[in-house]
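Summary of the model geometry
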Amino acid sequence: MLFNSLHYLIFLPIVVSLYYLLPHRWRWLLLLVASYYFYMCWKPEYAILLLISTGVAYTAGLGISRTEDPRTKKALLWCCITILLGILFTFKYFNFANATLRSLFTELRIPVNIPYSNLLLPIGISFYTFQKISYVVDVFHGKAKPEKHFGIFAVYSCFFPQLVAGPIERVEHLLHQFYERHEFTYDKAVSGLWLILWGFFKKVAVADRLSVLVKAVYSDPHSYSGLPMLVATFFFAFQIYCDFSGYTDIAIGSARLIGFDLMANFRQPYFSRSVAEFWRRWHISLSTWFRDYVYIPLGGNRVVKWRWYYNIFITFFVSGLWHGANWTFAAWGAMHGCYMVLDSMFGPARDRLRSRLKMAAAQTCFDWLNVGLTFSLVTLAWIPFRASNFSDMWYVFTHLFSGAKNWLDLGAVSIQFRGMGLHLDELICAVTFIGLVIIYDWLDSRRGVWERLQAQPLVLRWAVCYSVLALVLFFTPYNQAQNFIYFQF
């Protein structure tokens, strides 16, 4: 079931109403049934995978807590991780590994014919797999107590608001909330609805609109060069941000309607002054997951300098492969790994330079220059993320600024823009909506927009909400609605 569907708009009010009508002791069961129904609306048979991975993690957690033998604990931990990652590999990476091996053996003139798999990638498998791995690892290290109630653990493993898109929750933050008695509160309900509304605006009015324009270029990049390609790349930076953060806002808002607090997953990432800061603001639940379960176990920064740089790079390289079974995603991760290594090398010098600027205006100017540089670097890295293959990726990189001397030839530029389906009204609409998102994020970074609205008169609050609703209703490209970018991750 997609958040941006009529089905979900009917499903959510029913679940919220039943949740508050039921006695507290039965609410977990309602959420379990609702979550499995939510998941089974896509492919009912794949709910078995969700149940199997839940049973494996639950059993491993109990087994680890009940034995005193360190070797048995470690065996249970690695057995669980192997099964969970084995399921993920089978469905997500088997064909990728198969194609890579075929290419390698072909170069070596070794005949090999491993058949490709026809299995469809289950939605959200990467998210719920990582959430279960973090649970078992935390139990192993004594950071979390094992959950004995299988039903509660099952809800924690498939809680419908964050099942498909995250955030990837930790046991210490989410699990105890299923035991708490949540009473309906007006403030939480209204703030949740506002998050859902703003999330819908970002997802369907901005991201879905931009995706049509981006797809026109990136589905056939060799037909474009220069300004149209640069515009499409710029638009993709905001498409993926509005798509992912919008979906996350809907998830957090949906959970808030029934009294649950999910962790923030985005904090105005495009206002970051360095790539390191960007990763503290972008997909926070995933970046902290890789920090805690990959980077730190590798040794983090508590090693010699060359090994520290290696730890940084390999963490981002693995993160790239997590995002997709394609070497273009690995290239995206490698680019960010290189960015982060360079930031670790030269970041202290940048900070010292800023501290030497005595005037506040000079420091502000320096900060905004860094924001522009960081956004440019991140946007360049989105090219391999969006490109279908290395050939397309290389073409975009080498033709992104071609023909710059003709960019002022409005007639030629207009012809290319029309080729990507971008007419003047579409360009104005896209740029205006991106501007609204930027302004919202800027205001939200200084003081929460919802807190600002609460301080305003009731009439003004309703006017703002109805205005956003009108934008969603009248500017959503219904005939070109798009799936969530991370739908099958």
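All values derive from a computational prediction rather than experimental measurement. (Residues numbered from 1 in each chain as written. Predicted model: local features only at pLDDT ≥ 70, side-chain atom pairs only at ≥ 80, totals over all residues. Heavy atoms only, no water.)

Looking now at the overall build of the protein chain. Looking only at helices and strands, one finds 20 helices and zero strands in the protein chain. The 489 residues of the protein chain split such that 51% are buried. A total of about 23,100 Å² of accessible surface is found on the protein chain, and carbon and sulfur atoms cover 66% of it. Side chains of the protein chain carry 42 positive and 28 negative charges; the gap between the two charge centres is 5 Å. (Helix = DSSP H or I, 4+ residues; strand = E, 2+ residues; numbered from the N terminus. Buried < 20%, exposed > 50% of the residue type's maximum accessible area, 1.4 Å probe, protein only. Areas by Shrake-Rupley, 256 points an atom, 1.4 Å probe, with all protein chains shown as cover. Lys, Arg positive; Asp, Glu negative; His and termini not counted. Charge placed at Lys NZ, Arg CZ, Asp CG, Glu CD.)

What follows concerns the state of the cysteines. Here the structure, examined in full by the defined rule, presents zero disulfides. Counting only cysteine sulfurs, C79 is the nearest neighbor of C80, a cysteine outside any disulfide, at a range of 7.5 Å. Take C158: it sits in no disulfide, and the sulfur closest to it among the cysteines is that of C41, at 13 Å. (Disulfide = S-S within 2.5 Å.)

Turning next to the domain arrangement of the protein chain. Partitioning the protein chain into structural domains gives domain 1 (6-183) and domain 2 (188-488). Each of domain 1 and domain 2 has a C-alpha centre, and these two points are 27 Å apart. The interface is formed by 39 residues belonging to domain 1 together with 36 residues belonging to domain 2. Summing both partners gives a buried area of about 3,200 Å² for domain 1 against domain 2, and 70% of it is carried by carbon and sulfur. Among the residues domain 1 hides against domain 2, the three largest losses belong to F96, F130 and R170. Together they make up 18% of the total. Linking domain 1 with domain 2 are one salt bridge, by the criterion used here. (Domains from an automatic or database assignment. Contact = heavy atoms within 4.5 Å. Buried area = accessible area lost by both parts, 1.4 Å probe. Salt bridge = Lys/Arg side-chain N within 4 Å of Asp/Glu carboxyl O.)

Counting 149 residues, the largest nonpolar core has L31, F159, F178, Y270 and W382 as its most contacted members. If you count residues domain by domain, this core takes at least three from each of domain 1 (6-183) and domain 2 (188-488). (Core = buried A, V, L, I, M, F, W, Y, C linked by side-chain atoms within 4.5 Å.)

A cluster of nonpolar side chains, L458, W462, Y466, L469, L473, F474 and F475, forms an exposed patch at the surface whose accessible area comes to about 760 Å². Within the secondary structure layout, F474 lies in helix α20 (residues 458-475). (Patch = residues over 30% accessible without salt bridge, like charges linked within 9 Å, V, L, I, M, F, W, Y side chains within 5 Å.)

The subject of this paragraph is the packing of aromatic side chains. Across all of its chains, the model carries 64 aromatic pairs by this definition. A ring pair is formed by F11 and F38, whose centres lie 6.1 Å apart and whose planes are at 40 degrees; its orientation type is tilted. Of this pair, F11 sits in helix α1 (residues 6-21) while F38 sits in helix α2 (residues 24-40), and the two are 27 residues apart along the sequence. F38 shares its class with F11; the two are buried. When the centroid spacing of 6.4 Å and the interplanar angle of 55 degrees are considered together, the rings of Y135 and Y156 count as tilted. Of this pair, Y135 sits in helix α5 (residues 125-140) while Y156 sits in helix α6 (residues 150-158), and the two are 21 residues apart along the sequence. (Phe/Tyr/Trp six-rings, centres within 6.5 Å; stacked < 30°, edge-to-face > 60°.)

For Q268, which is not a glycine, the phi torsion comes out positive at approximately 45 degrees. As for its placement among the helices and strands, Q268 is situated in the loop between α10 (227-257) and α11 (275-281).

Take the pattern of salt bridges next. Evaluated as defined, the whole model comprises 12 salt bridges. A salt bridge links K203 to D208; its shortest N-O distance comes to 2.6 Å. A residue is classified by how much of its surface remains accessible, and K203, at 0% relative accessible area, is buried. Note that K203 is salt-bridged to D243, the shortest N-O span being 3.3 Å. Of the two residues, K203 sits in helix α9 (residues 186-218) while D243 sits in helix α10, which places them 40 residues apart along the sequence. A relative accessible area of 2% means that D243 is categorised as buried. Here the residues in one salt-bridge network are R273, E277, R281, R354 and D367, joined through shared partners.

Spanning 30 residues, helix α14 (residues 327-356) covers 42 Å between terminal C-alpha atoms, matching the ideal 44 Å at 1.5 Å per step. A maximum bend of about 50 degrees is found in α14 at F346, where proline P348 lies one to four positions downstream. A distance of 3.0 Å separates the backbone nitrogen of T328 from a side-chain oxygen at the start of α14, and that oxygen is part of N326. (Expected span 1.5 Å × (residues − 1). Bend = angle between axes of the 7 residues up to and from the residue. Polar contact = N/O pair within 3.5 Å; in protein donor to acceptor, adjacent residues only side chain to side chain.)

Packing of helix α15 (residues 360-386) against helix α16 (residues 390-399) brings their axes to within 8 Å, and their N-to-C directions diverge by 150 degrees. Our classification of the angle between α15 and α16 gives roughly antiparallel. The residues of α16 that touch α15, namely those facing L380, I383 and P384, are M393, V396 and F397. A per-class count over the contact of α15 with α16 returns six nonpolar, no polar and no charged. (Axes fitted to C-alpha atoms, helices over the stretch in contact; angles between N-to-C directions. Parallel < 35°, antiparallel > 145°, perpendicular 65-115°, else oblique. Nonpolar A, V, L, I, M, F, W, Y, C, P; charged D, E, K, R; others polar.)

So, on to the packing of α2 against helix α3 (residues 47-66). Where α2 contacts α3, the two axes come as close as 9 Å, and the packing angle between them is 135 degrees. Of the possible angle classes, the one that applies to α2 and α3 is oblique. Between α2 and α3, the contacting residues are Y36, Y39 and M40 on the first element and A47, L50, L51 and T54 on the second. Along the lines of polarity and charge, the residues of the contact of α2 with α3 split into six nonpolar, one polar and no charged.

The next point concerns the environment of A330. Following the sequence through the fold, A330 ends up in helix α14. C-alpha of A330 to C-alpha of V318: the two residues are 12 residues apart in sequence and 7.3 Å apart in space. Residues contacting A330, with those up to four places away along its chain left out, are F317, G320 and L321.

Bringing the environment of F433 into the picture now. Inspection of the secondary structure puts F433 in helix α18 (residues 424-446). You can call F433 buried: its relative accessible area is 5%. For F433 and P122, which are 311 residues apart along the polypeptide, the C-alpha to C-alpha distance reads 32 Å. Excluding residues within four positions of it along the chain, F433 makes contact with F201, A205, V206, R209, L471 and F475.

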